[in-house]
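# Structural overview
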Amino acid sequence: MAGIKFENDGDNHWVPDQEHEDIKTIAESMYWYSPKFSPKDVPKFYDVSGISENPKIFQLVVNLFVQRYKAAPEGTGPTHIIGYDARGFIIGAPIALALGIPFVLLRKEGKNPGVVVNSEGYRKEYDEGKPETLCLRLGSVDKNSRVVLIDDLIATGGTAVAGFELVEALGGKVYEFAACICLPFLDGVKKIRAACDGKFKDVPVFTLVKDTTVPDAACGDPRGEWEEETRHVSASKVNAIKTKYDFPR
């Protein structure tokens, strides 16, 4: 990662040079699926397992985040990493471990033990029927905490803002919001800036990859015309399905 530059994409939203070979390599592993093969009805469902199932790429991602936060002057960098339930756990935990700082679980409604503080309800880029909430355990961060909030992606910004509000409620400060990929057409960064009367307008946002950097070849859909009734197949049909279709990963 020698010589990699971080650029302000506007509105204090930082991204690495998208032409850097390491970033292109990560982008090629950001597999996405069409609505037909996704758990949610979205145009492209990005799958973090494209990173987690490739140790070389996973280490590259972790190293890039660690490099960024270790570059902060002594005594000014993050003191905690908070990961969003659930894909933020995958990315955030090894970063916290490499930095030698605590990793905190930001969980869905009621999933943390102890006394918990709940966020306001928010909606995501796909319809879940009712607003979701997140919770942090009281005492997991405090007034001395400088927190990196991390998730797999930024979409509408609702999930991100819920984390911002909880960190502030516990007395901490959001050092940065970070993610692997941003979906700019959903204006998530703008919504973070506008939330709570602009309270978080100056908090840096950092994403590794723009969705425009991810190639069409990273589509994980089976090749060929899918003739099955559903993408869910029984264990007894695995060999037949593998023979019938070409799977890119």
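Here's a quick rundown of the structure. All of these numbers come straight from a predicted model, not from anything done at the bench.

Taking 1.5 Å of rise per residue, the 13 residues of helix 4 (residues 87-99) would be expected to cover 18 Å, and the 19 Å separating its terminal C-alpha atoms lies within 8% of that figure. As for helix 4, its buried residues are in contact with helix 3 (55-70), strand 5 (80-84), strand 6 (103-108), strand 9 (146-154) and strand 10 (173-182). Where helix 4 ends, the next residue or the one after it, glycine 100, has phi of about 70°, a positive value.

All told, the structure shown has 13 salt bridges when counted by the stated rule. For the salt bridge of aspartate 9 with lysine 210, the shortest nitrogen-to-oxygen distance reads 3.2 Å. On the criterion of sequence distance, the pair formed by aspartate 9 in the loop between strand 1 (6-8) and strand 2 (13-16) and lysine 210 in strand 11 (residues 205-210) is long-range, its members being 201 residues apart. The class for lysine 210 is partly exposed, based on a relative accessible area of 25%.

Our focus in this paragraph is the environment of glutamate 176. Mapped onto the fold, glutamate 176 is located in strand 10. The class for glutamate 176 is buried, based on a relative accessible area of 2%. As for glutamate 176 and proline 94, which are separated by 82 residues in sequence, their C-alpha atoms are 17 Å apart. Glutamate 176 has contacts with Arg68, Tyr69, Val147, Val148, Leu149, Val203, Pro204 and Phe206, leaving out every residue within four places of it along the chain.

In this structure, the second largest pocket spans a volume of roughly 360 Å³. Surrounding the second largest pocket, 19 residues form its lining, Tyr33, Phe37, Pro222, Arg231 and Phe247 being those nearest its centre. In terms of residues, the lining of the second largest pocket owes the most to one element, helix 7 (residues 238-244), which gives three residues.

Thresholds, definitions, all that
Residues numbered from 1 in each chain as written. Predicted model: local features only at pLDDT ≥ 70, side-chain atom pairs only at ≥ 80, totals over all residues. Heavy atoms only, no water. Helix = DSSP H or I, 4+ residues; strand = E, 2+ residues; numbered from the N terminus. Expected span 1.5 Å × (residues − 1). Contact = heavy atoms within 4.5 Å. Salt bridge = Lys/Arg side-chain N within 4 Å of Asp/Glu carboxyl O. Buried < 20%, exposed > 50% of the residue type's maximum accessible area, 1.4 Å probe, protein only. 1 Å grid on protein atoms, 1.4 Å probe; cavity = no way out; pocket = protein on both sides within 12 Å on 5 of 7 lines; lining within 4 Å. Points joined across faces, edges and corners; volume = space filled by probe spheres on them.

Nothing here speaks to function; it is geometry throughout.
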